[in-house]
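Each chain is listed here by its residues.
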Amino acid sequence: MFYSPKGGTGCTTLAVNTAVALCNEETRVVIVDASLQFGDVALFLNEQGKNTILDLAPRADELDPSIVEEVMIQHAVSGLHILASPSRPEHGEN
């Protein structure tokens, strides 16, 4: 886990580079962008998806691997799986 109370310290860079380095054919890696208001992991990897981590909230009682798999984005180049933060800051406020 990478965390900093202040933005602009390089946490996203460190997290993404570590995840890409760990990802290979034998090891499946998922990066979860828990910065709900200002997360940019998907943007950093030049990926865009219609689903975000917020799509899991209404289904919290029934979560299983297949439901989470539906929400994740797969990075085309590395194979890394991304559980993206909301695309708009106001969606992450609640």
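Predicted model only: the values in this text are computed from it and were never measured.

Draft legend 1. Local environment of the overall build of the chain. Helices and strands together make up the secondary structure of the chain, namely 3 helices and 3 strands. When the helices and strands of the chain are read in sequence order from the N terminus, they spell out α-β-α-α-β-β. Overall, the C-alpha framework of the chain stretches about 35 × 35 × 20 Å when taken along its three principal axes. Across the chain, every contact between residues at least 6 apart in sequence was considered, and the portion connecting residues at least 24 apart equals 61%. Of the side-chain charges in the chain, 5 are positive and 13 negative, and the distance between the mean point of each set is 5 Å.

Draft legend 2. Representation of the nonpolar core. Core analysis: the largest hydrophobic core is formed by 13 residues, its most contacted members being Ile 31, Val 41, Leu 45, Leu 80 and Ile 82. Listing elements by their share of this core, those giving two or more residues are α1 (11-22) and α2 (41-44). Examining the composition of this core, we find that 3 residues originate from one element, α1, more than from any other. For Val 41, the residues in contact, after removing those within four places along its chain, are Thr 12, Val 16, Ile 31, Asp 33 and Ile 82. Counting 6 residues, the second largest nonpolar core, distinct from the first, contains Leu 56, Ile 67, Met 72 and Leu 83.

Draft legend 3. Broad picture of the sheet that holds strand β1 (residues 30-32). The strand order β1-β3-β2 describes an open sheet built from 3 strands, whose pairing is mixed. Among the strands making up the open sheet, the edge pair consists of β1 and β2 (73-74).

Draft legend 4. Molecular detail of the environment of Val 68. With respect to the element layout, Val 68 can be found in helix α3 (residues 65-71). Judged by its relative accessible area of 22%, Val 68 is partly exposed. Separated by 20 residues in sequence, Val 68 and Gln 48 have C-alpha atoms that sit 17 Å apart. Not counting residues up to four positions away in its chain, the partners in contact with Val 68 are Leu 56 and Leu 63.

Draft legend 5. The pattern of salt bridges, seen in detail. Here the structure, examined in full by the defined rule, presents 3 salt bridges. Across the pair Glu 70 and Arg 59 runs a salt bridge, and its minimum N-O distance is 3.8 Å. Placement of the pair is Glu 70 in helix α3 and Arg 59 in the loop between α2 and α3, with a sequence separation of 11 residues. If you follow the salt bridges from partner to partner, you end up with Arg 59, Glu 62 and Glu 70 in one network.

Here is what the cut-offs are and how they apply
The numbering scheme is per chain: residues are counted from 1 as the chain's sequence reads. Per-residue local features are limited, in this predicted model, to residues with pLDDT of at least 70; the limit for side-chain atom pairs, both in listing and counting, is 80 or more; totals at the level of whole chains, interfaces and linings are taken over all residues. As a rule here, side-chain values come from all non-hydrogen atoms in the structure, and water together with hydrogens is ignored. The secondary structure listing takes helices from DSSP runs of H or I that are at least 4 residues long and strands from runs of E that are at least 2 residues long, numbered from the N terminus. A contact between two residues is defined here by any heavy atoms of the two lying within 4.5 Å. Here Asp and Glu are counted as negative and Lys and Arg as positive; His is not counted, and neither are the chain ends. Lysine's charge is taken at NZ, arginine's at CZ, aspartate's at CG and glutamate's at CD. Take the buried residues of types Ala, Val, Leu, Ile, Met, Phe, Trp, Tyr and Cys, join any two whose side-chain atoms come within 4.5 Å, and each joined set is a nonpolar core. Three labels apply to residues, based on accessible area from a 1.4 Å probe with only protein chains included: buried if under 20% of the type maximum, exposed if over 50%, partly exposed otherwise in between. DSSP calls a pair of strands paired once it identifies at least 2 bridges connecting them. For salt bridges, the criterion is a side-chain nitrogen of Lys or Arg within 4 Å of an Asp or Glu carboxyl oxygen.

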